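# An overview of the molecular structure
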Amino acid sequence: MANSAESQKLVICGGRRLGGEVTLQGAKNSALPILAGAVLCNGECVLHNCPRLSDVDAACRILSCLGCKCSRSGNSVSINSSELVSFDVPGDLMKEMRSSIVFLGAIIGRMGRCKLSFPGGCELGPRPIDLHLAALRKMGVDIKEEHGFLDCRAEKGIQGAAISLTFPSVGATENIILAAVTAKGITEIHNAAREPEIIDLSEFLKKCGAKITGAGSGTIYIEGTAKLLSAEHEVIPDRIVAATYMCCAAITRGEIMLKKTNYRHISAIIPILEQIGCKVYLYDNDKLFLTARKDLKAPGTLRTMVYPGFPTDTQPMMMALASTLDGTTVFVETIFDNRFRHVSELLRLGAKISIEGSVAIVEGVKRLSAADVDSTDLRGGAALVTAALNADGVSKVSNLYHIDRGYADLEADLKALGADIKRI
Ligand code: EPZ
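In this report, we go over the structure that sits alongside the text.

Definitions and cut-offs
- Residues numbered from 1 in each chain as written.
- Predicted model: local features only at pLDDT ≥ 70, side-chain atom pairs only at ≥ 80, totals over all residues.
- Heavy atoms only, no water.
- Pairing = 2+ DSSP bridges.
- Helix = DSSP H or I, 4+ residues; strand = E, 2+ residues; numbered from the N terminus.
- Axes fitted to C-alpha atoms, helices over the stretch in contact; angles between N-to-C directions.
- Buried < 20%, exposed > 50% of the residue type's maximum accessible area, 1.4 Å probe, protein only.
- Near = heavy atom within 4 Å.
- Polar contact = N/O pair within 3.5 Å; in protein donor to acceptor, adjacent residues only side chain to side chain.
- Nonpolar A, V, L, I, M, F, W, Y, C, P; charged D, E, K, R; others polar.
- Domains from an automatic or database assignment.
- Phe/Tyr/Trp six-rings, centres within 6.5 Å; stacked < 30°, edge-to-face > 60°.
- Lys NZ or Arg CZ within 6 Å of the ring centre and 35° of its normal.
- Contact = heavy atoms within 4.5 Å.
- Parallel < 35°, antiparallel > 145°, perpendicular 65-115°, else oblique.
- Left-handed = near helix turned anticlockwise from the far one by under 90°.

On to the sheet that holds strand S11 (residues 211-213). Read across the open sheet, the 4 strands follow the order S9-S10-S12-S11; overall the sheet is mixed. Each edge of the open sheet carries a strand with a single partner, namely strand S9 (162-164) and S11. Neighbour-to-neighbour, the strand axes of this sheet turn through a mean angle of 15 degrees, independent of strand direction. As paired strands, S11 and strand S12 (residues 219-223) are joined by 3 bridges and run antiparallel to one another. Looking across to S12, one finds that threonine 213 is bridged to tyrosine 221.

Of note, the bond from tyrosine 307 into proline 308 is cis; its omega dihedral lies within 30 degrees of zero at 10 degrees. Relative to the elements of secondary structure, proline 308 occurs in the loop between strand S17 (301-303) and helix H11 (315-322). Its identity is not glycine, yet lysine 260 carries a phi of approximately 55 degrees, on the positive side. Tracing the chain through its elements places lysine 260 in the loop between strand S14 (255-259) and helix H10 (269-276). Residue asparagine 399 is not a glycine yet carries a positive backbone phi of 60 degrees. As for its position among the elements, asparagine 399 is in the loop between strand S22 (394-398) and helix H14 (400-404). Given the relative accessible area of 22%, asparagine 399 is considered partly exposed.

With that settled, the discussion passes to the site of the ligand. As a structural note, the neighbourhood of the ligand is formed by 23 residues, with Asp130, Leu131, Ser169, Asp313 and Ile335 the closest of them. The side chain of serine 169 places a nitrogen or oxygen atom 2.7 Å from an oxygen atom of the ligand. Mapped by element, the contributors of at least two residues to the shell around the ligand are helix H2 (28-37), helix H6 (130-138), helix H7 (170-180) and helix H13 (378-388). Considering every element that reaches the shell around the ligand, the biggest residue donor is H6, with 3 residues. In terms of residue class, the shell around the ligand is made up of 10 nonpolar, 6 polar and 7 charged. There are two domains that each give the shell around the ligand at least three residues, and those are domain 1 (2-24 + 237-423) and domain 2 (28-234).

Glancing now at the packing of aromatic side chains. Following the criterion strictly, the structure yields 1 aromatic pair and no others. Note that lysine 115 overlies the ring of phenylalanine 149, its terminal NZ or CZ placed 5.2 Å from the centroid.

Walk down a regular strand and you will see the side chains alternate between the two sheet faces. Burial along strand S20 (residues 359-363) is one-sided: Ala360 and Val362 are buried, while Val359, Ile361 and Glu363, pointing the other way, are not. When strand S18 (residues 328-332) meets S20, the two strands line up antiparallel, connected through 5 bridges. Within S20, the residue paired with threonine 329 across the bridge is valine 362. In sequence, strand S19 (residues 352-356) turns back onto S20 through a hairpin of 2 residues, with glycine 357 there showing a positive phi of about 65 degrees.

Below, the discussion takes up the sheet that holds strand S16 (residues 287-292). As summarised here, the arrangement of the 4 strands in space is S2-S14-S16-S15, forming an open sheet in which the pairing is mixed. Taken across any chain shown, the strands that pair with only one partner, and hence form the sheet edges, are strand S2 (21-23) and strand S15 (278-283). Strand after strand, the sheet turns through a mean of 20 degrees between neighbouring axes, direction not considered. Where S15 meets S16, 6 bridges bridge the pair, whose relative direction is antiparallel. From the neighbouring strand, tyrosine 283 faces S16, where its bridge partner is lysine 287. Sheet strands touched by helix H9 (residues 239-251): S2, S14, S15 and S16. Its angle to S14, the strand with the most contacts, is close to 165 degrees. Contacting S15 and S16, H10 runs over the sheet at an angle of about 140 degrees to S15.

Right, let's talk about the packing of H9 against H13 for a bit. Two numbers describe how H9 lies on H13: the axes approach to 9 Å, and their chain directions differ by 20 degrees. It follows that H9 is roughly parallel to H13 by the angle criterion. Relative to H13, H9 is oriented so that their crossing is right-handed. Residue-level contacts link Ile240, Thr244, Cys247, Cys248 and Ile251 of H9 to Arg379, Ala382, Thr386 and Ala387 of H13.

Structure below.
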């Protein structure tokens, strides 16, 4: 898959007004930590609404290396962790997906040992794991960092501890929860991440018998239990894919009906799109309809924040949309050091953007102009597809393996909405 995706391109003829309905995929950033959590269960777990993504395939390969039996039927993935044979995560798999670091807490929790290489430096700048390691050390895990490997041992078992995160890191919060659910004693996490994916992981683990309270708030309590049973769980809808499709509809001045959506998870995006001039209607608790006027206005300053603020993952796609609005939009990226790599490619599509450190100033243009562009990372690639839907002419977007990490049916969904798009 990765090789073929390396040479494939998306060919998009811009200018079509999108209209129609799409059913949202399950959330990548929820499925991944829950797949890691399955390592803790001595039995077979089944994960429904698990999206078909290369990152999910990579997570299943890691599980298989540990000795788990993984199989997929449709959108359900089953994981049998009765016979674990290894605690080593292969280096190439660690490089393939940064979020594999979240396996550390689960493997240590189950086996008392774990060996993995430093996670691949992601395209979003250095992605340190200092908060993960400091927390696990506080829980009694001995971690040796040598030759690019982490050799972790918890011979006397993991001890519960009170942990204050200096930053509400999503991955660190997930790793601590995964290590704490079978630890001895109580673990408290202060300044925990509040993302919906943390709640989803907690809901899955509680079905397995874990004792967790406070997920979704800044303080999470976990009381360690001896062992976890296996469970079935349905993954929440992907809020970042929802935001992507809303930006695609808005940039073409079209409309979209999103099904299987949890609008509460995108409560920071909806007011921004309404401020721009879109109308958003909510139906039956899980449907959202967006329609865009012709004359959309720039929303002013957008600052990325931790949940429930404006999500950094939607910044690139929102920037593509902002490139076509009347007026100037200022983006302040407060979460990642280097999350403007898509800007150079948006400039090739005729956008007017200047960068000052962590600030990007976007002056709207009437219409973008088609060009051949390269995806720089997962959401950067999604931003280029969003922009190409508006651009005058035929654009080609390459390096699709970035996009295939997080979007299960991007071209099929956009085609169903009326876009002129094909993968060659
Ligand atoms: C998760 O990454 C998501 N990935 C990211 O989505 C998302 O952008 C991010 O959370 C923020 O919401 C998954 O869930 C698989 P963090 P994660 O730890 O856990 C710094 C996507 O597009 N930090 O909250 O890596 C870090 O450098 C991806 O789907 C430390 O300094 O995010 C970053 O600047 C991209 N030390 C900030 O915190 C640490 O030990 C946020 O990182 C950990 C993080």
